[in-house]
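Geometric and topological summary
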Amino acid sequence: METIKIKYFSDEIDKLTYIDGKSDWIDLRASQRVELKAGEFKLIPLGVAMELPRGYEAHVVPRSSTFKNYGILQVNSCGIIDGSYCGNDDQWYMPVYATRDTVIGKNERICQFRIMENQPRIVFDEVESLDGDNRGGFGSTGRQ
């Protein structure tokens, strides 16, 4: 089991919890009320800073209901927080774009994260030909 040191920037949001057996993603909450107009960009503070275990990074993505409930899109699709972002003032944020006027209440669950091991060091070996089957070169079906 890994341990993550966490600092909360607000006493008005629920503490993070890991629900064993249900999901290995952990919900993050807006730490303040945020109003957005359609077409507006904002960084939504999540009210936490963490010191991840050595050799890990966090992947932050919207919850499945976030767009339906608030009409916001996370602008970097998947946020990656590397292990060096671990200082006392390194609060996590969710960068969003509003597709409609919306209000996100304080303590609302808007995104989720999980930690992943950093990619191992790799070396590229340039070759003239690959040994795998040719699938057509486009997507999972090989068809456009």
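Everything that follows concerns the structure shown earlier in this document.
Residues numbered from 1 in each chain as written. Predicted model: local features only at pLDDT ≥ 70, side-chain atom pairs only at ≥ 80, totals over all residues. Heavy atoms only, no water.

Some points on a nonpolar patch on the surface
Together, Phe-41, Leu-43, Phe-67, Leu-73, Val-75, Tyr-85, Tyr-93 and Tyr-97 make up an exposed nonpolar region whose accessible area comes to about 750 Å². For the nonpolar patch, the elements supplying multiple residues, two or more each, are strand E4 (41-45) and strand E9 (93-98). Here Tyr-93 is to be found in strand E9. With relative accessibility at 37%, the residue Tyr-93 sits in the partly exposed group. (Patch = residues over 30% accessible without salt bridge, like charges linked within 9 Å, V, L, I, M, F, W, Y side chains within 5 Å. Areas by Shrake-Rupley, 256 points an atom, 1.4 Å probe, with all protein chains shown as cover. Salt bridge = Lys/Arg side-chain N within 4 Å of Asp/Glu carboxyl O. Helix = DSSP H or I, 4+ residues; strand = E, 2+ residues; numbered from the N terminus. Buried < 20%, exposed > 50% of the residue type's maximum accessible area, 1.4 Å probe, protein only.)

Regarding the packing of aromatic side chains
Two descriptors summarise a pair of aromatic rings, namely the distance from one centre to the other and the angle between the planes of the rings. Applying the stated criterion across every chain, the model contains one aromatic pair. Judged by centre distance (5.2 Å) and plane angle (85°), the rings of Trp-92 and Phe-113 are edge-to-face. Taken together, the positions of Trp-92 in the loop between strand E8 (79-81) and E9 and Phe-113 in strand E11 (residues 109-117) put the pair 21 residues apart, joining distant regions of the chain. Over the face of the ring belonging to Tyr-8 we find Lys-15, whose NZ or CZ atom lies 4.0 Å from the ring centre. (Phe/Tyr/Trp six-rings, centres within 6.5 Å; stacked < 30°, edge-to-face > 60°. Lys NZ or Arg CZ within 6 Å of the ring centre and 35° of its normal.)

Remarks on the nonpolar core
The biggest cluster of nonpolar side chains holds 23 residues, and the ones touching the most others in it are Leu-28, Ile-44, Ile-72, Trp-92, Ile-104, Ile-110 and Phe-113. Setting aside residues no more than four positions away along its own chain, Ile-104 makes contact with Ala-30, Gln-32, Arg-33, Val-34, Leu-36, Ile-44, Tyr-70, Ile-72 and Ile-110. (Core = buried A, V, L, I, M, F, W, Y, C linked by side-chain atoms within 4.5 Å. Contact = heavy atoms within 4.5 Å.)

Digging into the sheet that holds E9
Reading across from one edge, E4-E9-E7 is the order of the three strands in this open sheet, with antiparallel pairing throughout. The open sheet has two free edges, formed respectively by E4 and strand E7 (72-74), since each of these has just one partner strand. The mean angle between the axes of side-by-side strands here comes to 40°, regardless of whether they run parallel or antiparallel. (Pairing = 2+ DSSP bridges. Axes fitted to C-alpha atoms, helices over the stretch in contact; angles between N-to-C directions.)

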